[in-house]
Amino acid sequence: MKFEVVITSGKNNRAPIGVFIKDTKKDKIDNNKEIILHLYEGSHTYDNLKNEDYFIINICSPYLIAESVLDDNGNYEYFDYNNHSIPYLKDSYKICLAKINDRKIIESKNEYGSSKLMIVEGTIISEKELKSPSFEPYNRAEGLIVEMAVLYSRLNIVDDEKRKKIKEEMENYFKTIKKVGSKKYIELGKKFLE
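Please read these numbers as outputs of a predicted model, since none were measured by experiment. (Residues numbered from 1 in each chain as written. Predicted model: local features only at pLDDT ≥ 70, side-chain atom pairs only at ≥ 80, totals over all residues. Heavy atoms only, no water.)

**Focus: the side chain of S68**
So, step 1. As for its position among the elements, S68 is in the loop between α2 (62–67) and β5 (76–81).
So, step 2. In contact with S68, not counting residues within four places along its chain, are V6, R14, P16 and L89. (Helix = DSSP H or I, 4+ residues; strand = E, 2+ residues; numbered from the N terminus. Contact = heavy atoms within 4.5 Å.)

**Considerations on the sheet that holds strand β3 (residues 34–40)**
So, step 1. Reading around the circumference, β1-β2-β3-β8-β7-β4 is the order of the six strands in this closed barrel, with antiparallel pairing throughout. Taken pair by pair, the neighbouring strands of this sheet meet at an average axis angle of 45°, ignoring direction.
So, step 2. Contacting β1 (2–9), β2 (13–21), β3, β4 (54–59), β7 (94–110) and β8 (113–129), helix α1 (residues 44–51) runs over the sheet at an angle of about 105° to β7. (Pairing = 2+ DSSP bridges. Axes fitted to C-alpha atoms, helices over the stretch in contact; angles between N-to-C directions.)

**Describing the packing of helix α3 (residues 140–154) against helix α5 (residues 183–193)**
So, step 1. Where α3 meets α5, the closest approach of the two axes is 10 Å, and the angle between their N-to-C directions is 20°. As judged from the angle between their axes, α3 and α5 are roughly parallel. Of the two possible hands of crossing, α3 and α5 adopt the one that is left-handed. Along its contact with α3, which presents A141, E142, I145, M148, A149 and Y152, the element α5 presents Y185, L188, G189, K191, F192 and L193.
So, step 2. Looking at the contact of α3 with α5 residue by residue, the class counts come to nine nonpolar, one polar and two charged. (Parallel < 35°, antiparallel > 145°, perpendicular 65-115°, else oblique. Left-handed = near helix turned anticlockwise from the far one by under 90°. Nonpolar A, V, L, I, M, F, W, Y, C, P; charged D, E, K, R; others polar.)

Right, here's the structure in full:
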């Protein structure tokens, strides 16, 4: 199963990433789980994890996942482990420290073009609960804002024709966010459309 999280690494770098869990018997992220990330060349996270041995998986709200695509501004604290100080987002529900076991760099071709893809394999070696998630009824704006963030992250790697289609899809998502979302979701959606 693939989970949407925020990876923190380097000097206060945050990035929304899909993390694959290798153990399909239990669909949750916890200690001793083997994980896989796919990172495309050109991102700070790619550069950081090419050279570092540890990173943090931040399990957090859909809003924080989406917001993290815009910039690295976050409310950071640091997890000290084995003479390393790894940043994490203080607003996360739970953090998991992951150790990188292997990296493979391949050439990837998809509908967005071709680029280098780093496949990072790691193991969760420590975890820490920060706060309990708020249990509220599901709001469709939560899923749509994450989908808008995913599309937003692809705008600069596609040709003009695909960019136009992506923007149209984002605008359709935003129409629903305006109907069902709170002000903060609407404001974030507007930033993605600027």
